[in-house]
Amino acid sequence: MAKEQGQSGKTEILLYSAWFVSLVAMLGSLYFSEVQGFIPCELCWYQRIAMYPLVLILGIATFTNDTKAPRYVLPLSLLGGSISVLHYLEQKIPGFGGFKPCVNGVPCSSEYINWAGFITIPFLALTAFVLISVAMLILAFRESRT
């Protein structure tokens, strides 16, 4: 019984952590666009499309203690992380044009922020997607062992 409660507590921590990261990422992106006035490029929108539903999905999974959350969270977080990698490469590697160049609005290669010489908005998004994915992979691994 004690082991089962310990497992449940660790599951809750993983779910709450992933949900908190998604919430901070969503609020951060809204801060950059709505408060700072940074206009999102096309790849930023795709990352938002992957992140914003995670706030709701992980919130529900957290409050219902749904141990099957990795099944429906990982596809979105891995897709969003892949887009973040592509976007970051487009910003940091000269001449890297990505698969489809941004033609309307803000170019995807522009950097609104560049903290410490490498932290850009896509890097922040990638960090969030990686943290969420790692939490879900740990949860999936733990659940497969029980």
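Described below are features of the structure shown in this document. Note that the structure is a prediction, hence the values are computed from the model and not measured.

## Notes on the nonpolar core
Argument step 1. Residues Leu54, Leu58, Val73, Ile132 and Met136 are the most contacted members of the largest nonpolar core, which totals 19 residues.
Argument step 2. Mapped onto this core, the elements with two or more residues apiece are α1 (2–35), α2 (42–64), α3 (69–92) and α4 (121–144).
Argument step 3. Ranked by residues supplied to this core, first place goes to α4 with seven residues.
Argument step 4. Setting aside its immediate chain neighbours within four residues, Ile132 contacts Ala18, Val21, Ser22, Met51, Leu54, Leu58, Val73 and Ser77.
Argument step 5. Core analysis: the second largest hydrophobic core is formed by seven residues, Cys41, Leu43, Ile83 and Leu86 among them.

## So, empty space enclosed by the protein
Argument step 1. For the structure on display, the rule yields one cavity of 30 Å³ or more.
Argument step 2. Space inside the largest cavity adds up to approximately 80 Å³.
Argument step 3. Lining the largest cavity are 16 residues, with Cys44, His87, Gln91, Ser110 and Tyr112 sitting closest to its centre.
Argument step 4. Among the elements of the structure, α3 and α4 are those that each provide at least two residues to the lining of the largest cavity.

## Concerning the packing of α2 against α4
Argument step 1. Viewed as axis vectors pointing N to C, α2 and α4 meet at an angle of 40°, and their least axial separation amounts to 11 Å. On the basis of their axis angle, the class for α2 and α4 is oblique. The two elements α2 and α4 meet at a crossing, and its hand is left-handed. Within the contact between the two elements, α2 uses Gln47, Ala50, Met51, Leu54 and Leu58 and α4 uses Pro122, Ala125, Ala128, Phe129, Ile132 and Met136.

Thresholds applied
- Residues numbered from 1 in each chain as written.
- Predicted model: local features only at pLDDT ≥ 70, side-chain atom pairs only at ≥ 80, totals over all residues.
- Heavy atoms only, no water.
- Core = buried A, V, L, I, M, F, W, Y, C linked by side-chain atoms within 4.5 Å.
- Buried < 20%, exposed > 50% of the residue type's maximum accessible area, 1.4 Å probe, protein only.
- Helix = DSSP H or I, 4+ residues; strand = E, 2+ residues; numbered from the N terminus.
- Contact = heavy atoms within 4.5 Å.
- 1 Å grid on protein atoms, 1.4 Å probe; cavity = no way out; pocket = protein on both sides within 12 Å on 5 of 7 lines; lining within 4 Å.
- Points joined across faces, edges and corners; volume = space filled by probe spheres on them.
- Axes fitted to C-alpha atoms, helices over the stretch in contact; angles between N-to-C directions.
- Parallel < 35°, antiparallel > 145°, perpendicular 65-115°, else oblique.
- Left-handed = near helix turned anticlockwise from the far one by under 90°.

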